[in-house]
Amino acid sequence: MVFKWEWVGKLAEGLPLTLEITFTCIAIGIVLGVLLALARVYGNRPLRAVCGVYIQFFRGTPLLVQLFMIYFGLPNWGIKLSPFISGILALGLNTAAYQAEYFRGAIQAVRGGQLLAARSLGMSLPQAIRYVILPQAFRLVLPSWSNEFILMLKYSSIVFTIALLDLMGQGKRLASRNFRFFEVFIVVALFYLALVFVVTQILRLIERRVRIPGLGTEGEAR
Amino acid sequence: MNTLLRVEDIHKCYGKERVLTGVSFEMMKGDTKVIIGPSGTGKSTLLRCINRLTPADKGRVWLEDEEITHTRTNINRIRAQIGFVFQDFNLFSHLTALGNVRIAPTKVKGMKKAEATRLAMEELERVGLADKAGAYPAELSGGQQQRVSIARALAMSPKLILFDEPTSALDPELIGEVLDVMISLAKEGMTMLVVTHEMGFARAVADEIIFMERGIIVEHGPPAQLFSSPKHRRTGEFLHKITELYGETV
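These notes cover the structure that comes with them. Along every chain, residues carry numbers that run from 1 in the direction the sequence is written. Whichever chain is written first is A, and whichever ligand is written first is 1; the rest continue in order. Two thresholds apply to this predicted model, a pLDDT of at least 70 for residue-level local features and 80 or more for giving and counting side-chain atom pairs, whereas whole-chain, interface and lining totals are computed over all residues. The side-chain quantities take in all heavy atoms of the structure and omit both hydrogens and water.

1. With respect to the overall build of chain A
- Assigned secondary structure in chain A consists of nine helices and zero strands.
- Under the scheme used here, helices are H or I runs from DSSP no shorter than 4 residues and strands are E runs no shorter than 2 residues, and both carry numbers assigned from the N terminus. Helices (α) and strands (β) of chain A occur, in sequence order from the N terminus, as α-α-α-α-α-α-α-α-α.
- Referenced to the eigenvectors of the C-alpha coordinate spread, the extents of chain A come out at roughly 70 × 50 × 25 Å.
- Partly exposed residues are those whose accessible area sits between 20% and 50% of the maximum for their type, while under 20% is buried and over 50% is exposed, using a 1.4 Å probe and protein chains only. Every one of the 222 residues in chain A was classed for burial, and the buried ones make up 45%.
- In this analysis, two residues are considered to be in contact whenever any of their non-hydrogen atoms come within 4.5 Å of each other. Contacts spanning at least 24 positions in sequence make up 76% of the contacts within chain A whose residues lie at least 6 apart.
- Only the protein chains shown count as cover for residues, with accessible areas throughout obtained via the Shrake-Rupley method and a probe of 1.4 Å. Carbon and sulfur atoms form 66% of the exposed surface of chain A, whose accessible area is close to 11,600 Å².
- Once the 22 positive and 10 negative side-chain charges of chain A are each reduced to a mean point, those two points are 7 Å apart. Asp and Glu are treated as the negative residues and Lys and Arg as the positive ones, with His and the ends of the chain left uncounted. Taken as the charge location is NZ of Lys, CZ of Arg, CG of Asp or CD of Glu.

Structural data, given as structure tokens:
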């Protein structure tokens, strides 16, 4: 076994890109995911169908295929995107499909009487969704949604295939220079492990901060 | 006397089942009317048809001069003037008692938060729960939750409040506190349409009892008259039965 401290510095150069991609895609995924979920629950038939097809496609095909379609495929139609934009787009559109299903489940888990009560007070449907349904759905979704964040952190590593130097990309470059594949990727793995640990702790903290008595899984038997 | 609410020939089917088959009645300002009848006779559906939480198949409803059932009527503006109290309270689980009472005045009427807070505290005071303003629904008893939901309706200064079996989901010892609030509202002149089995409440404050069965109004009249000399055999039987079953809490 060989280990050199300078690897840590080299690999850390990929860290900002990994974080940037992860956070940007999660953000895209939240916005698009909530919209898709709302369309699936409250939309008319055609809208529900279109969103359903979108979700089916992105959940039903490999992420790598989606990335390659965007980065290598779109230029055939005259749409040439940078590796960074391609990566963001593929991962963002993909996680949106998964997040949409989490959000849909949470929206449907909010009891029906809540919407009825909101409407009976004179709120429009958009108002009821914004002030009553979503605040509850977000709290309900947080524990399971946290998984998606952690997955995204790790899935972001596929962007090395389109020559981006994220954590994984830096690892591959380093290893193919010194041929210490095993050792280098152990360090890469430890980096991801540490990231996941930190993100998990932050999400738990948020979960505790927004917790409301009687809402969510708190206090139930395990 | 001005007519506040006019319900005319309401019909409603769920699939093949005919729930309401031509219900008509009127309410004057300040009236308290109680609707009674066996379960499944369309009492709750009737209430929901009034503020269009459930659309009626046929028939019309007016609030003062405005036809609620007209498709071009802005239903949100109408609902803001008609309180609705649900059997299972339906307080917003993510908001405190204060938040529950304050949300509609701020979001629907555009009231400033400070003003809405003052108003909400007054309404909570009115139902005897000012000290629970910071509690979440899950931290309140059923009776307290229902009183908060009445305060929530009151905060919109409604012209009329519809009560859909407001005490049916409560433990017996909690029914009284809710009925007390409702009785004092009735005495203050609030216009109230109440679906309930609480005959004590009906006797105490109802101007009229409406007896419904199988989607129609069988008989209506002042409580004393309905209890002592009902015109229909079924009315007498039913009144006898629920008084025996539920007793008179008030």
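2. Brief notes about the overall build of chain B
- Secondary structure assignment for chain B yields nine helices and 10 strands.
- Relative to its length of 250 residues, chain B is compact, with a C-alpha radius of gyration of 18 Å against a globular reference of 18 Å.
- Overall size of chain B, expressed as C-alpha extent along the three principal axes, is 55 × 45 × 40 Å.
- Buried positions account for 57% of the 250 residues belonging to chain B.
- Here the analysis covers contacts within chain B between residues at least 6 apart in sequence; of these, 65% occur between residues at least 24 apart.
- Carbon and sulfur atoms make up 47% of the accessible area of chain B, which totals about 10,700 Å².
- Taken as two groups, the 32 positive and 32 negative side-chain charges of chain B have centres that lie 6 Å from each other. Just to be clear, the radius of gyration here is over C-alpha atoms, and the globule rule we use is 2.2 Å times residues to the power 0.38.

3. A closer look at the interface of chain B and chain A
- With 23 residues of chain B in contact, the opposing surface of chain A contributes 22 residues.
- At the boundary of chain B with chain A, total buried surface from both sides reaches about 2,000 Å², with 65% on carbon and sulfur atoms.
- For this document, the term salt bridge refers to a Lys or Arg side-chain nitrogen within 4 Å of an Asp or Glu carboxyl oxygen. Remark: the boundary between chain B and chain A carries zero salt bridges.
- Any N or O atom pair separated by 3.5 Å or less is treated as a polar contact, with the protein-specific requirement of one donor-capable and one acceptor-capable atom, and with residues adjacent in sequence counted only for side-chain atom pairs. Our enumeration of links across chain B and chain A arrives at eight residue pairs in polar contact (both at pLDDT 80 or more).
- For the side of chain B that touches chain A, the secondary structure elements donating two or more residues are α2 (75–79), β6 (82–85) and α3 (97–107) of chain B.
- Sorting elements by how many residues they give to the side of chain B that touches chain A places α3(B) first, with three residues.
- Grouping the constituent residues of the side of chain B that touches chain A by class yields 13 nonpolar, five polar and five charged. Two parts placed together each lose some accessible area; with a 1.4 Å probe, that loss summed over both constitutes the buried area. Three classes are used, and their members are as follows: Ala, Val, Leu, Ile, Met, Phe, Trp, Tyr, Cys and Pro are nonpolar, Asp, Glu, Lys and Arg are charged, and the others, Gly among them, are polar.

4. Some details on the sheet that holds strand β5 (residues 66–67) of chain B
Residue and element names in this part refer to chain B.
- Strands sit in the order β2-β1-β4-β5 across an open sheet of four strands; the sheet is antiparallel. Both outer strands of the open sheet, β2 (17–28) and β5, are each paired with one neighbouring strand and no more.
- Two strands qualify as a pair provided that DSSP identifies no fewer than 2 bridges between them. In terms of strand pairing, strand β1 (residues 3–14) meets strand β4 (residues 58–63) through five bridges, oriented antiparallel. Counted as the bridge partner of Leu5 is Leu63 from β4.

5. Considerations on the environment of Met121(B)
Residue and element names in this part refer to chain B.
- Assignment of secondary structure puts Met121 in helix α4 (residues 113–126).
- Between the alpha carbons of Met121 and Asp171 there is a distance of 26 Å; along the sequence they are 50 residues apart.
- Those residues in contact with Met121, other than ones at most four positions away along the chain, are Leu98, Ala130 and Ala133.

6. Points about the pattern of salt bridges
- Applying the stated criterion across every chain, the model contains 18 salt bridges over all chains.
- Two residues, Glu183(A) and Arg180(A), come together in a salt bridge whose shortest N-O distance is 3.5 Å.
- For the salt bridge of Glu213(B) with Arg234(B), the shortest nitrogen-to-oxygen distance reads 2.6 Å. With Glu213(B) in strand β9 (residues 208–213) and Arg234(B) in helix α9 (residues 233–246), the pair connects residues that are 21 residues apart, well separated along the chain.

7. Quick notes on the packing of helix α2 (residues 15–42) of chain A against helix α3 (residues 45–60) of chain A
Residue and element names in this part refer to chain A.
- Interhelical geometry of α2 versus α3 gives an angle of 135° and a closest axis separation of 8 Å. Viewed along their axes, α2 and α3 adopt a mutual orientation that is oblique. Relative to α3, the crossing made by α2 is left-handed. Facing α2, whose interface residues are Leu32, Leu36, Ala39 and Arg40, α3 presents Leu47, Arg48, Cys51, Gly52, Tyr54 and Ile55. Interaxial angle, 0 to 180 degrees, is taken between N-to-C directions of lines fitted to C-alpha atoms, where a helix line uses only the stretch in contact. Angle categories: roughly parallel below 35 degrees, roughly antiparallel above 145, roughly perpendicular from 65 to 115, and oblique for all the rest. Working rule for handedness: look at the near helix, and if it is turned counterclockwise from the far one by less than a right angle, call the crossing left-handed; if clockwise, right-handed.

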